[in-house]
Amino acid sequence: MRRESDAVSFIGLGYVGLCTATVIASKGIKTIGVDVDEKRIEQLRKGNPPFHEPQLQQMLKAVVRKNRMEFTTDASKIAEANTTFITVGTPSKDDGSIDLTYVKKATQDVGSAIAGSPVYHLVVIKSTVTPGTTTDVVRPVLEAATEKVCGPELGLSSNPEFLAEGSAIKGTLQPDKIVIGALDSKSGATLTKLYRRIYSKTKIPTVVTDPTTAETIKYASNAFLATRVSTINTIANICQRVPKADVETVAKAIGLDPRIGPLYLKAGPGYGGSCFHKDLQALISFSRSVNYDPILLSAVEEVNQRQASEIVNLSRKLLGSLDNRRIAVLGLAFKKDTDDMREAASLRVIDELLKNGASVSAYDPMALETARRVLPEKVELLPDAISCLRRADCCIVMTEWDEFRRLKPSDYKSTMKAPNIVDARRIIKRDDFEGFNYLAVGLGTSSS
Ligand code: NAD
Ligand code: UGA
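Just so you know, these numbers come straight off a predicted model, no measurement behind them. (Residues numbered from 1 in each chain as written. Chains lettered and ligands numbered in written order. Predicted model: local features only at pLDDT ≥ 70, side-chain atom pairs only at ≥ 80, totals over all residues. Heavy atoms only, no water.)

Novice: Could you give an account of the nonpolar core, naming the residues involved and the relevant values?
Specialist: Core analysis: the biggest nonpolar cluster contains 63 residues, and Leu330, Leu332, Leu353, Phe404 and Tyr412 have the highest contact counts within it. Apart from residues lying up to four places away in sequence, leucine 330 is in contact with Tyr363, Ala385, Cys388, Leu389, Cys395, Ile396, Val397, Met398, Thr399, Phe404, Leu407 and Tyr412. Counting 37 residues, the second largest nonpolar core, distinct from the first, contains Val23, Ala25, Val64 and Ile198. (Core = buried A, V, L, I, M, F, W, Y, C linked by side-chain atoms within 4.5 Å. Buried < 20%, exposed > 50% of the residue type's maximum accessible area, 1.4 Å probe, protein only. Contact = heavy atoms within 4.5 Å.)

What follows is the structure, encoded as structure tokens:
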């Protein structure tokens, strides 16, 4: 009989799968990464990540060099591990509900790989899935593919992921919590033991519960965070209409209340990224399927969609009509330190600017290659901030990149047609910008 291995495998090597697998391999645990994307696998074998994430490249190169990580498109390799994390995407269908096609396919692939093996294997659902998916959707597919029943011979657990892009490695090295939604006690104990091995030196708060509650925790977390952003943006929009009111000071003060706390209170152009919109839509749709209309979550989404117009309106306030005006957009990524533009607020703002007859120049320190794929051709993409600002009637600071914090007033004045700035992230030190027409999210002006 084959001996139980210590290896862990991942099926789906996107942000979550690749970052988590790399961190686990860095702890000395043999890791097998499986993805259907051959190009991605080729790249990974050379130690090159397919997206930008701080610390990832260095860590990946090290584990590949030490032979701790293996990459393959061949899912049967999973049989060499004793735990498999399913980390494939869970996109939205047209109606907003969750599309479980990749999760089902990955489960089928894992099941086929371990069918016939006498060795205990734990399957872990790390992808974000709606409540009940692990027990009602994954379990039957897995049991049919393995011809085994979940229990002492075959483990199954939910284990949602809470990392954020731009700090994925840091967040995986030291997560604020681990949530284990075990189908049975052996699955729970096996996963707890694996995490103890990974975090041997640190005690990470761990919640062990049933799979459905674990899945719900993930949606609750994203719903709360998105609600916080839409709440502070709502306050910002009120401040903007009240002379002298400033959302920055409001946020600082309310953050001192321990019931509120200081984090995640930055007003801005609205949340973006691959998950908040998708997960809120999935939760809304799921909630309706169990006969509850979550009107709060619909409002959170609507506030977010409208936030782009708030930013465009600030530029309209400075310029009057936007027709034939040249707007420089600084920052395209949905937040700093990533090249990800999925659901980025820049997309909504640029779309509205173009619809209003403006011409748009744009620059991002990291997302230009992505931008070339997703933005309309008429958006002029420029290789640096200064070229982007040249001849602009107005500049909109869309992403809070450190590089933009370092721009001097003279960088704007010497290049732009007129010194008009809309600060959608509140990164500009206003006092240094005397003589500028400056409007910012959440900052009341006398003409508001
Ligand atoms: P992603 O789209 O970046 O990557 C998914 C990967 O899975 C792709 O490389 C794809 O080729 C691969 N894949 C699809 N089907 C496959 C199959 N059958 N076999 C092997 N590989 C397959 O996704 P992501 O951003 O890493 O998200 C994965 C899941 O984690 C989603 O459910 C998401 O909601 C959740 N999540 C994401 C984040 C984040 O910051 N991106 C954070 C927490 C949770
Ligand atoms: C978010 C969550 O933070 C993670 O915990 C979760 O795992 C992940 O979604 C997911 O499920 O995919 P992420 O989308 O990578 O992570 O990035 P965040 O840092 O949370 O930012 C999301 C958006 O909200 C960004 O556009 C950001 O600019 C915006 N935001 C965030 C604000 O406008 N204000 C804030 O105070 C915080």
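Let's pick the thread back up.
Novice: Talk me through the pairing of strand S7 (residues 178–182); I want residue IDs and the actual numbers.
Specialist: It is a general feature of regular strands that their side chains alternate between the two faces of the sheet. Burial of S7 is extensive: five of the five residues sit out of reach of the surface. Burial of S7 is two-sided: the residues Ile178, Ile180 and Ala182 facing one way and the residues Val179 and Gly181 facing the other way are all buried. Relative to S7, strand S6 (residues 154–158) is paired through two bridges, and the arrangement is antiparallel. Bridging across to S7, serine 157 finds its partner in alanine 182. Sheet topology places S7 next to strand S8 (residues 206–209); four bridges connect them, and they run parallel. Residue pairing for S8: isoleucine 178 is matched across the bridge by threonine 206. As a crossover connection, the stretch from S7 through helix H7 (residues 185–198) into S8 is right-handed. (Helix = DSSP H or I, 4+ residues; strand = E, 2+ residues; numbered from the N terminus. Pairing = 2+ DSSP bridges. Right-handed = clockwise from strand over helix to strand, strands pointing away.)

Novice: Can you explain the site of ligand 2? Please cite residues and give values.
Specialist: Around ligand 2, 19 residues are found, and the nearest of them are Phe162, Leu163, Lys218, Tyr264 and Cys275. Here an oxygen atom of ligand 2 and a side-chain polar atom of lysine 218 are 2.8 Å apart. With respect to ligand 2, the backbone of leucine 265 contributes an N or O atom lying 3.3 Å from an oxygen atom. Class assignment of the residues belonging to the shell around ligand 2 gives a composition of 11 nonpolar, two polar and six charged. (Near = heavy atom within 4 Å. Polar contact = N/O pair within 3.5 Å; in protein donor to acceptor, adjacent residues only side chain to side chain. Nonpolar A, V, L, I, M, F, W, Y, C, P; charged D, E, K, R; others polar.)

Novice: Can you explain the site of ligand 1? Please cite residues and give values.
Specialist: The local shell around ligand 1 holds 28 residues, among which Val16, Asp35, Thr90, Thr128 and Lys278 are the closest. Side-chain polar atom of arginine 40 to an oxygen atom of ligand 1: 3.1 Å apart, as the coordinates give it. The separation between a nitrogen atom of ligand 1 and a polar side-chain atom of glutamate 165 is 3.1 Å. Relative to its unbound accessible surface of 830 Å², ligand 1 loses 88% to contact with the protein. For the shell around ligand 1, the elements supplying multiple residues, two or more each, are helix H1 (15–26) and helix H4 (101–114). For the shell around ligand 1, the leading source of residues is H4, giving four residues. (Areas by Shrake-Rupley, 256 points an atom, 1.4 Å probe, with all protein chains shown as cover.)

Novice: Tell me about the sheet that holds strand S12 (residues 394–397), residues and numbers included.
Specialist: Spatial ordering of the open sheet is given by S11-S10-S9-S12-S13-S14, a layout of six strands whose pairing is parallel. Taken across any chain shown, the strands that pair with only one partner, and hence form the sheet edges, are strand S11 (380–381) and strand S14 (437–440). The sheet contact formed by S12 and strand S13 (residues 420–423) spans three bridges and is parallel. Opposite valine 397, over in S13, you have aspartate 423 as the bridge partner. Those strands touched by helix H11 (residues 295–319) are strand S9 (326–330), S12, S13 and S14, and its axis lies near 160° from that of S13. (Axes fitted to C-alpha atoms, helices over the stretch in contact; angles between N-to-C directions.)

Novice: Pulling in residues and values, what's your account of the sheet that holds strand S5 (residues 121–125)?
Specialist: If you trace the eight strands from one edge of the open sheet to the other, you get S3-S2-S1-S4-S5-S6-S7-S8, paired in mixed fashion. In this open sheet, the two edge strands, each paired with only one partner strand, are strand S3 (69–72) and S8. Taken over all neighbouring pairs, the strand axes of this sheet differ in orientation by 20° on average, direction set aside. Its contacts with the sheet place H4 against strand S1 (8–11), strand S4 (83–86), S5 and S6, and it is angled at close to 165° to S4. On the sheet, helix H8 (residues 211–240) packs against S6, S7 and S8 and is oriented at approximately 145° with respect to S7.

Novice: How would you summarise unusual backbone geometry if you had to cite specific residues and measurements?
Specialist: For asparagine 67, which is not glycine, the phi dihedral falls at a positive 60°. Positive phi values are uncommon outside glycine, yet lysine 244 reaches one of about 75°. Here lysine 244 is to be found in the loop between H8 and helix H9 (247–254). Using a relative accessible area of 77% as the deciding quantity, one classes lysine 244 as exposed.

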